[in-house]
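Observations on the three-dimensional arrangement
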Amino acid sequence: MLRYIAKLKDENIWIEHKLIKVGSVEKRDYQILLAKTAVETNTLIVLPTGLGKTTIALLIIADILTKTKDRCLFLAPTRVLVQQHYTYLQNFLDILDISMITGESVQRERTRIWDNSIICATPQITLNDLKRGIIKPNDFSLVIFDEAHRAIGDYAYCGIANLIKEYNPRIVGMTATIPSEKEKANEIVNNIGIKKISVKDETSDDVRPYIKETNVEWIQVELPAVMKQIRSHIVTTLESRTRELVQKGAIRSIKATRSELIRAMGFVRVNRGAAKALYTAIRISHALNSLDTQGITSFLRFLQRLEAKSGIGIKELFLDPNFKTAYELAKNAESTGVEHPKIEKLKDTLSGVEGKILIFTSYRDSVEVIYNKLRSIGYSVGYLIGKAGERGLKQGEQIDTVNKFRDGRYSILVATQVGEEGLDISECNLVVFYDNVPSSIRFVQRKGRTGRKAAGRVVVLMTKDTLDEAYYWISKRKMRESKNMARKMNGMIEKEKPSLDKFMNG
């Protein structure tokens, strides 16, 4: 039976279990309750960032391993996150055979490593090894899908779940929030074989004591005249393509969003006559978003990379009079030092702030602009990006960067989306959204980097009358819809709460 021991010197309460190191895991009732539910049936755990989903995974693993000798598989979408889970379990479990498998693990080593009691792994290598027969679908008594909101479409989580479900392992999904769209939420549930959804948020009575207030400020900036002029030419170029797409029946409005344009790709598979206009419109939309939310440098670099390619419609795009004018205006603006007004607002925002600061931006080009600007004015700053491309950071470099930020060797970290998902980046005094994200999941993940141990502060920079502002309204709507969706789906949980004192016969 689960028991608690009190460490009198600091009055904390710790979980006592034969597989958990003494005095290492704090007792929180909501974590135990969620773990209890997940041990009993296939469960999707929905819990905001910073409230200990990895601890819940540890409790589930410890309980499962007291009842079976089969293996436990802990999946996470990135190598860095897998490394983090591996280190966490090593630090808190009294189990020696914990292993880590990623794409960097060679096959002859993986065959041996898969035999351990606990394996932390990336999904694609797991799916590959299942298909190769290196591991069997019935090898695991427990499979945990971290960042389970990824389990849509053809993502590797779906393939893994499809192979293992018939052997009835315990399946647990974990995520900070679920999609606002009912279809996507149901797709996740069905894809990984979920039977119950267990939701806790800031309003839950047993969670509230661990939540610190986070103040969110929205700071609006306005584009300078030259950037507005560039934007006008880009919008004209875009609408000439979307007008053609409306006429061909691919989309409904010349004001179609980038998401609507991407969804129209299914239409052009059948109606190839609309392909050139659609692919060109998607590229222009990306360029516009870069200009609106990031600035001249990011905009120009995207165009330069695009110009070097030979895809459908690219040559014609660079011959378009409006597009050519926008390109020339941007190059002239860059030569005179014009940059996005967010840079100055960012400098103002950081002035006088003590402690750790995390800045999120969606584009690598902006990471470089922000990083160079802050270094030039004397800040101690690092950056965190994915591994792809020539400038990408390899797994070891990402881990080193996170550790330096956690240890205080960097006071500021500038990160792309790789810093949003689950990474234990440490408590931040300030989180800055350099751009808006039209996604409730990403908003919650970014916001969750502050307000863990003390009151937090989030600053969101927003460009007036641009896509940035549109994304602001979209994200607010999706946040509201996601909370409503989670509350509705939470009804899948049985009314009777599990008994805590009978959990984990350790």
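Look up a bit, the structure's there.
Nothing here was measured: the structure is a model prediction, and the numbers come from that model.

Before going further, it helps to spend a moment on the pattern of salt bridges. Overall, the coordinates contain 28 salt bridges when judged by the stated rule. The closest approach of N and O atoms between Lys 478 and Glu 181, which form a salt bridge, is 3.6 Å. With Lys 478 in helix H19 (residues 467-489) and Glu 181 in the loop between strand S8 (170-175) and helix H7 (182-192), this pair connects stretches of sequence that are 297 residues apart. For Lys 478, a relative accessible area of 16% puts it in the buried group. In this structure, a network of salt bridges that share partners links the residues Arg 301, Arg 305, Asp 365 and Glu 368.

What follows deals with the layout of surface pockets. A volume near 1,500 Å³ is recorded for the largest pocket. In this structure, the largest pocket is lined by 44 residues; those nearest its centre are Ser 259, Pro 438, Ser 439, Tyr 471 and Lys 478. Counting only elements with at least two residues in the lining of the largest pocket, the list comes to helix H8 (225-247), helix H9 (258-263), helix H11 (275-293), helix H18 (440-447) and H19. If you tally residues by element for the lining of the largest pocket, the top one is H19, at six residues. Counted by class, the lining of the largest pocket contains 16 nonpolar, 14 polar and 14 charged residues.

Spatial ordering of the open sheet is given by S10-S15-S14-S11-S13-S12, a layout of six strands whose pairing is parallel. The open sheet has two free edges, formed respectively by strand S10 (214-221) and strand S12 (381-384), since each of these has just one partner strand. Going across the sheet, the axis of each strand differs from the next one's by a mean of 20°, ignoring polarity. One ladder, built from eight bridges, connects S10 with strand S15 (residues 456-463); its direction is parallel. From the neighbouring strand, Asn 215 faces S15, where its bridge partner is Arg 457. Running over the sheet, H19 touches S10 and S15 and is turned about 135° from S15.

Running from N to C, H18 and H19 cross one another at 90°; their axes reach a closest spacing of 8 Å. As summarised for this structure, H18 and H19 are arranged roughly perpendicular, according to the angle between their axes. Facing H18, whose interface residues are Ser 440, Phe 443 and Val 444, H19 presents Ser 475, Lys 478, Met 479 and Ser 482. Class assignment for the residues of the contact of H18 with H19 results in three nonpolar, three polar and one charged.

Attention now moves to the packing of aromatic side chains. Here the structure, examined in full by the defined rule, presents 12 aromatic pairs. Residues Tyr 88 and Phe 92 carry aromatic rings whose centres are separated by 4.6 Å and whose planes lie at 50° to one another, so their mutual orientation is tilted. Of this pair, Tyr 88 and Phe 92 both sit in helix H3 (residues 79-92), separated by four residues, roughly a single helical turn. Ring geometry for Phe 145 versus Tyr 157: centroids 5.0 Å apart, planes at 75°, classification edge-to-face.

Within soluble globular proteins, side chains that are nonpolar tend to cluster in buried spots. With 40 residues, the main nonpolar core has Ile 45, Ile 60, Ile 61, Leu 89 and Leu 93 as its most contacted residues. At the level of secondary structure, the elements contributing two or more residues to this core comprise helix H1 (29-40), helix H2 (53-65), strand S4 (71-75), H3, strand S6 (118-121), strand S7 (140-146) and S8. It is H2 that provides the largest number of residues to this core, a total of nine residues. If near-sequence neighbours (up to four positions away) are discounted, Ile 45 is found in contact with Leu 34, Ala 38, Ile 56, Ile 60, Val 172, Gly 173, Met 174, Thr 175 and Ser 198. Leu 238, Ile 284, Phe 318 and Phe 323 belong to the second largest nonpolar core, which has 37 residues in total.

This brings us to H8. Think of an α-helix as 3.6 residues a turn; residues three or four steps apart then line up on the same face. The end-to-end C-alpha separation of H8 is 33 Å, in line with the 33 Å expected for 23 residues at 1.5 Å each. Inspection of H8 places Met 227, Ile 230, Arg 231, His 233, Ile 234, Thr 237, Leu 238, Glu 239, Arg 241, Thr 242 and Leu 245 among the buried residues, and these make up the whole buried set. The elements touched by buried residues of H8 are H9, H11, helix H12 (296-307), helix H13 (314-317), helix H14 (321-335) and H19. At the C-terminal side of H8, Gly 249 shows a positive phi close to 85°.

Cut-offs used in this document
- Residues numbered from 1 in each chain as written.
- Predicted model: local features only at pLDDT ≥ 70, side-chain atom pairs only at ≥ 80, totals over all residues.
- Heavy atoms only, no water.
- Salt bridge = Lys/Arg side-chain N within 4 Å of Asp/Glu carboxyl O.
- Helix = DSSP H or I, 4+ residues; strand = E, 2+ residues; numbered from the N terminus.
- Buried < 20%, exposed > 50% of the residue type's maximum accessible area, 1.4 Å probe, protein only.
- 1 Å grid on protein atoms, 1.4 Å probe; cavity = no way out; pocket = protein on both sides within 12 Å on 5 of 7 lines; lining within 4 Å.
- Points joined across faces, edges and corners; volume = space filled by probe spheres on them.
- Nonpolar A, V, L, I, M, F, W, Y, C, P; charged D, E, K, R; others polar.
- Pairing = 2+ DSSP bridges.
- Axes fitted to C-alpha atoms, helices over the stretch in contact; angles between N-to-C directions.
- Contact = heavy atoms within 4.5 Å.
- Parallel < 35°, antiparallel > 145°, perpendicular 65-115°, else oblique.
- Phe/Tyr/Trp six-rings, centres within 6.5 Å; stacked < 30°, edge-to-face > 60°.
- Core = buried A, V, L, I, M, F, W, Y, C linked by side-chain atoms within 4.5 Å.
- Expected span 1.5 Å × (residues − 1).

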